[in-house]
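# Observations on the three-dimensional arrangement
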Amino acid sequence: MTEKEPTAEEMEDLLFAFIVCKYVKSNAIVVAKGKTTLGIGGGQPSRVRSARIAFEMAGERARGAVLASDGFFPFPDSVELAGRYGIRAIIQPGGSVRDEEVIAKANELGIAMVFTSIRHFRH
């Protein structure tokens, strides 16, 4: 979806993180690298809160990692936060009325973004 495409290694990590997302409660965010989960946030009332928890867990290890989301990003705030933590690629279902804003933010930050059209959102 973005100008930048994920590398083959990033794509493997994105798919791994997206599978992990499937088993986390609503508003799930997973940070991963090297097919290893570094941080998980979920069950929060907002996606950006879940992202903060996942990044707090991952810490400095988030730099150069990827991020998966179980649902679309309703606002670009989580992508902006991902940029601050050095995330290189994001996988998410897409489908928000603000997808264009979210993609624009990823392009601005040089983050590759892949849409799946599949939601894992669990309550």
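Residues numbered from 1 in each chain as written. Predicted model: local features only at pLDDT ≥ 70, side-chain atom pairs only at ≥ 80, totals over all residues. Heavy atoms only, no water.

### A closer look at the packing of helix H2 (residues 47-58) against helix H3 (residues 77-84)
Just so we agree on the cut-off: Lines are fitted to the C-alpha atoms to define the axes, a helix being fitted only along its stretch in contact, and any angle between axes, read from their N-to-C directions, falls within 0 to 180 degrees. Helix and strand definitions here come from DSSP, where helices need a minimum of 4 consecutive H or I residues and strands a minimum of 2 consecutive E residues; each element is numbered from the N-terminal end. Under this scheme an angle from 65 to 115 degrees is roughly perpendicular, one under 35 degrees roughly parallel, and one over 145 degrees roughly antiparallel; angles in between are oblique. When the near helix sits turned anticlockwise from the far one by under a right angle, the crossing is termed left-handed; a clockwise turn instead gives a right-handed crossing. The contact criterion used is simple: two residues touch if any of their non-hydrogen atoms lie within 4.5 Å. By the convention adopted, Pro, Cys, Tyr, Trp, Phe, Met, Ile, Leu, Val and Ala count as nonpolar, Lys, Arg, Asp and Glu as charged, and the other residues, Gly among them, as polar.
Where H2 contacts H3, the two axes come as close as 9 Å, and the packing angle between them is 15 degrees. When the interaxial angle is binned, H2 and H3 end up roughly parallel. Both H2 and H3 take part in a crossing whose hand is right-handed. Only Asp77, Ser78, Leu81 and Ala82 of H3 make contact with H2, whose side of the interface consists of Arg47, Val48, Ala51, Arg52 and Phe55. For the contact of H2 with H3, the class distribution of residues is five nonpolar, one polar and three charged.

### Concerning the pattern of salt bridges
Two side chains that carry opposite charge are able to pair once their charged atoms sit near each other. The following threshold applies: In the sections that follow, a salt bridge refers to a side-chain nitrogen of Lys or Arg positioned within 4 Å of a carboxyl oxygen of Asp or Glu.
On inspection of all chains with the given rule, the structure shows six salt bridges. Measuring nitrogen to oxygen at the nearest pair gives 3.3 Å for the salt bridge that ties Lys35 to Glu12. A residue pair is termed long-range when its members are at least 10 positions apart, and Lys35 in the loop between strand E1 (29-33) and strand E2 (36-41) and Glu12 in helix H1 (residues 8-21) qualify at 23 residues. When salt bridges with common partners are traced through the structure, they connect Glu80, Lys105 and Glu108 into a single cluster.

### Topic: the nonpolar core
Inclusion rule: Residues belong to one nonpolar core when they are buried, are Ala, Val, Leu, Ile, Met, Phe, Trp, Tyr or Cys, and are joined through side-chain atoms within 4.5 Å. Summary of the burial criterion: residues with accessible area below 20% of their type's maximum are buried, those above 50% are exposed, and those between are partly exposed, where the area comes from a 1.4 Å probe applied to protein chains only.
Judged by nonpolar contacts, the single largest core of 23 residues is most densely connected at Val31, Phe55, Leu67, Val79, Ile87, Ile90 and Met113. Broken down by secondary-structure element, the contributors of at least two residues to this core are E1, H2, H3, helix H4 (99-109) and strand E5 (112-115). Ranked by residues supplied to this core, first place goes to H2 with five residues. Apart from the residues within four sequence positions on either side, Val31 is in contact with Thr36, Thr37, Leu38, Gly39, Ala54, Phe55, Ala58, Ala62, Ala65, Val66 and Ile87. In terms of nonpolar packing, the next biggest core, distinct from the first, is built from 15 residues, Leu14, Ala17, Val30 and Ala32 among them.

### Quick look at a nonpolar patch on the surface
Heads up, the rule is: Patches here are clusters of residues that have more than 30% relative accessible area and form no salt bridge, with a 9 Å joining cutoff for like charges and a 5 Å cutoff for nonpolar side chains (Val, Leu, Ile, Met, Phe, Trp, Tyr). The protein chains shown are the only cover counted for residues, whose accessible areas, like all others here, come from Shrake-Rupley with a 1.4 Å probe.
On the surface, Ile40, Ile53 and Met57 cluster together into a nonpolar patch covering about 230 Å² of accessible area. The topology assignment puts Ile53 in helix H2. Judged by its relative accessible area of 32%, Ile53 is partly exposed.

### A few points about the side chain of Asp99
Selection criterion: By the counting rule applied here, Lys and Arg register as positive and Asp and Glu as negative, while His and the ends of each chain are not counted. Two N or O atoms count as a polar contact when they lie within 3.5 Å, although within protein this holds only if one can serve as hydrogen donor and the other as acceptor, and sequence-adjacent residues are included solely when both atoms are side-chain atoms.
Along the chain, the position of Asp99 falls in helix H4. Put simply, Asp99 is tucked away with no salt bridge, and the nearest opposite charge, on Arg98, sits 9.8 Å away. Polar side-chain contacts of Asp99 include one of 3.1 Å to the backbone nitrogen of Ser96.

### Concerning H1
Threshold: Working rule for helices: expected span equals 1.5 Å times residues minus one. Read the arc as the range of directions from the helix axis to the C-beta atoms.
For H1, spanning 14 residues, the distance from its first C-alpha to its last is 20 Å, which sits close to the expected 20 Å at 1.5 Å a residue. Listing the buried residues of H1 in full gives Glu10, Asp13, Leu14, Ala17, Phe18, Val20 and Cys21. For H1, the angular spread of the buried residues around the axis is 155 degrees, confining them to a single face. Across from the buried face of H1, at angles greater than 90 degrees, the exposed residues are Ala8 and Ile19.

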